[in-house]
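# Fold and contact review
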Amino acid sequence: MSPIRMIIYAVLVLSGVAFSAFAIGRERRRIAEDRARPPGRPTGKELGVGFITDFFDTLGIGSFAPTTALYRALKIIPDELIPGTLMVGHMIPTIAQAVIYITVIEVDPLTLALLLAAAAAGAWLGGGVVAKLDRRRVQLGMGCALMLAATIMLAGLLGLLPPGRDLIALHGGKLVAGIVGNFVLGALMNIGIGAYAPSLIMFGLLGMNVKSIFPIMMGSCAVIMPAGGVQFVRAGSYSPRAALGLTLGGFVGVLIAAFVVRELPLAVVKWMVVAVVLITASSLLRAGLRAPASTPSMPAA
């Protein structure tokens, strides 16, 4: 195993441990300062959302858009807390996915390391902006992001995405383009747009092998979430209880999908996801357009 790959593994694991310690410490201080709001255990719905979304995420559907749709349909948390909850709650399951994909699929370690660093930098800067947005702006941002995600997913189902070629490494101008693109995707993930479909398009256009894109997608999300999640935790713009539900349920879903199920005929599920995402995006946009210019944030659950 190359030294760069070992460093990537170490960064993924240590970032997950460090972020968890940071988030737990913050939550303990919040509880100590506000004893009227004791910590809540995740509900069955919150655990179920985590299990379902990360199960299918591991099989290649993505988790952000389905989680947003389920949160709104089940009225689990306020809209303005959804982006932060996604970033914090899906982090540990996504790190597990990244380690699995980086282990089993070949990709150039240096290319992977540079792309992951760019994604983390974009997430750090973008998270600080999104964490401070009011409900209306979050609704409008997530609505636009979900519309884009649904469009890309639909293009994939219709066979309109670039097929990719045989590269497992990027060099020169292609590497620069990949770094810039992954930086932008890192920032956009903070508003609730998943990186999977855009990554397939971008790296497919750059000539990468489709399988080799998966470690990049998973690894990028795994470094984006701790980097951006810190900003949401600092601002208190997430639901600790719902995030814990995503983490616990999602981790189990990842393990079952990766080591037990491994593969499913997902065509029908993907069409259903596109339909649900479009409905959710329309609902968010309508809510954002009807809301006053500034709506005070609700406290985290």
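One structure accompanies this document, and this report is about it. Position numbers for residues count from 1 along each chain, tracking the sequence in the order it is written. Residue-level local features of this predicted model are given only where pLDDT is at least 70; pairs of side-chain atoms are given and counted only at 80 or more, and the full residue set underlies all totals for whole chains, interfaces and linings. The side-chain numbers reported here are obtained from all heavy atoms of the structure, hydrogens and water having been left aside.

## Focus on the overall build of the chain
Every helix listed is a DSSP run of H or I at least four residues long, and every strand listed is a run of E at least two residues long, numbered separately from the N terminus. Secondary structure summary: the chain contains 12 helices and zero strands in total. Tracing the chain from N to C terminus, the helices and strands come up as α-α-α-α-α-α-α-α-α-α-α-α. Each residue is assigned to one of three classes by its accessible area relative to the maximum for its type, calculated with a 1.4 Å probe on protein chains only: buried under 20%, partly exposed between the two thresholds, exposed over 50%. When the 301 residues of the chain are sorted by exposure, 52% land in the buried category. For this analysis, residues touch if any pair of their heavy atoms sits within 4.5 Å. Sequence separation of 24 or more characterises 88% of the internal contacts of the chain that already satisfy a separation of 6 or more. With residues, only the protein chains shown are counted as cover, and all accessible areas are computed by Shrake-Rupley using a 1.4 Å probe. Accessible area of the chain: about 13,300 Å², with a carbon and sulfur share of 70%.

## Remarks on helix α5 (residues 91-104)
A helix is expected to span 1.5 Å multiplied by its residue count minus one. Along its 14 residues, α5 runs 20 Å from first to last C-alpha, staying within 8% of the 20 Å computed at 1.5 Å per residue. Summarising burial for α5: 10 of the 14 residues are buried, a large majority. Those residues of α5 that fall on the buried side of the exposure criterion are M91, P93, T94, I95, A96, Q97, A98, I100, Y101 and I102.

## Considering the packing of aromatic side chains
Think of it this way: a Phe, Tyr or Trp ring, Trp meaning its six-membered ring, pairs with another when their centres are within 6.5 Å, and the plane angle makes it stacked under 30 degrees, edge-to-face over 60, tilted otherwise. All told, the structure shown has three aromatic pairs when counted by the stated rule. Where F55 meets F56, the ring centres are 5.1 Å apart and the plane angle is 90 degrees; that geometry is what we call edge-to-face. An aromatic cluster of three or more residues is present, and its members are F51, F55 and F56.

## What to know about the packing of helix α3 (residues 64-74) against helix α4 (residues 82-89)
Two numbers describe how α3 lies on α4: the axes approach to 11 Å, and their chain directions differ by 125 degrees. In this view, α3 runs oblique relative to α4, as classed from their interaxial angle. When the axes of α3 and α4 are compared, the crossing they make is right-handed. Here α3 contributes F64, T67, T68, Y71 and R72 to the contact with α4, which in turn contributes I82, T85, L86 and M87. Under the scheme applied, nonpolar residues are Ala, Val, Leu, Ile, Met, Phe, Trp, Tyr, Cys and Pro; charged residues are Asp, Glu, Lys and Arg; polar residues are all the others, including Gly. Residues that form the contact of α3 with α4 fall into these classes: five nonpolar, three polar and one charged. Each axis is a line fitted through C-alpha atoms, taken for helices only over the stretch in contact, and angles between the N-to-C directions span 0 to 180 degrees. Note on terminology: angles under 35 degrees are roughly parallel, angles over 145 are roughly antiparallel, angles of 65 to 115 are roughly perpendicular, and the others are oblique. Left-handed is the label given to a crossing in which the near helix is rotated counterclockwise from the far helix by less than a right angle, and right-handed is the label when the rotation is clockwise.

## What to know about the nonpolar core
Here, nonpolar core means buried Ala, Val, Leu, Ile, Met, Phe, Trp, Tyr and Cys residues that are tied together by side-chain atoms lying within 4.5 Å of each other. In this structure, L12, Y71 and F203 are the most contacted members of the largest nonpolar core, which totals 62 residues. With 14 residues, helix α10 (residues 210-235) is the single largest residue contributor to this core. In this view, Y71 contacts V49, I76, I77, I82, T85, A242 and L246; residues no more than four positions away in its chain are not counted.

## Here's the deal with the pattern of salt bridges
Salt bridge, as applied in this entry: a Lys or Arg side-chain nitrogen positioned within 4 Å of an Asp or Glu carboxyl oxygen. Evaluation of the coordinates by the stated rule reveals three salt bridges. With a closest N to O distance of 3.1 Å, R241 and E46 form a salt bridge. Within this pair, whereas R241 is found in helix α11 (residues 240-261), its partner E46 is found in helix α2 (residues 44-58), the two being separated by 195 residues in sequence. Two residues, D79 and R72, come together in a salt bridge whose shortest N-O distance is 2.9 Å. In this structure D79 comes out as buried when scored by relative accessible area, which is 10%.

## Considering the packing of α5 against α11
Packing of α5 against α11 brings their axes to within 8 Å, and their N-to-C directions diverge by 25 degrees. Accordingly, the angle class assigned to the pair α5 and α11 is roughly parallel. Like other packed secondary-structure pairs, α5 and α11 cross with a definite hand, here right-handed. Counting all contacts with α5, which are made through I92, P93, A96, Q97 and I100, the residues of α11 involved are L246, T247, G250, F251, V254, A258 and F259. A per-class count over the contact of α5 with α11 returns nine nonpolar, three polar and no charged.

## Comments concerning the environment of A227
With respect to the helices and strands, the residue A227 is situated in helix α10. Accessibility expressed as a relative area gives 14% for A227, which makes it buried. Through-space distance from the C-alpha of A227 to that of A119 is 9.1 Å; in sequence the pair is 108 residues apart. Dropping the residues within four chain positions of it, A227 is found in contact with A120, A123 and W124.

## Digging into the side chain of Q231
Of note, Q231 is situated in helix α10. Polar side-chain contacts of Q231 include one of 3.3 Å to the backbone oxygen of W124. Polar contact is the term for a pair of N or O atoms within 3.5 Å; when the atoms are in protein, one must be able to donate a hydrogen and the other to accept it, and sequence-neighboring residues count only if both atoms are side-chain atoms.

## Some thoughts on a nonpolar patch on the surface
A cluster of nonpolar residues, W124, L125, V176, V180, F183, V184 and L188, forms a patch on the protein surface that exposes about 610 Å² of accessible area. Those elements giving two or more residues to the nonpolar patch turn out to be α6 (109-130) and α8 (172-188). Among the elements that make up the nonpolar patch, the one with the highest residue count is α8 (five residues). If you trace the backbone, F183 turns up in helix α8. The patches described consist of residues with a relative accessible area above 30% and no salt bridge, like charges being joined within 9 Å and nonpolar side chains (Val, Leu, Ile, Met, Phe, Trp, Tyr) within 5 Å.

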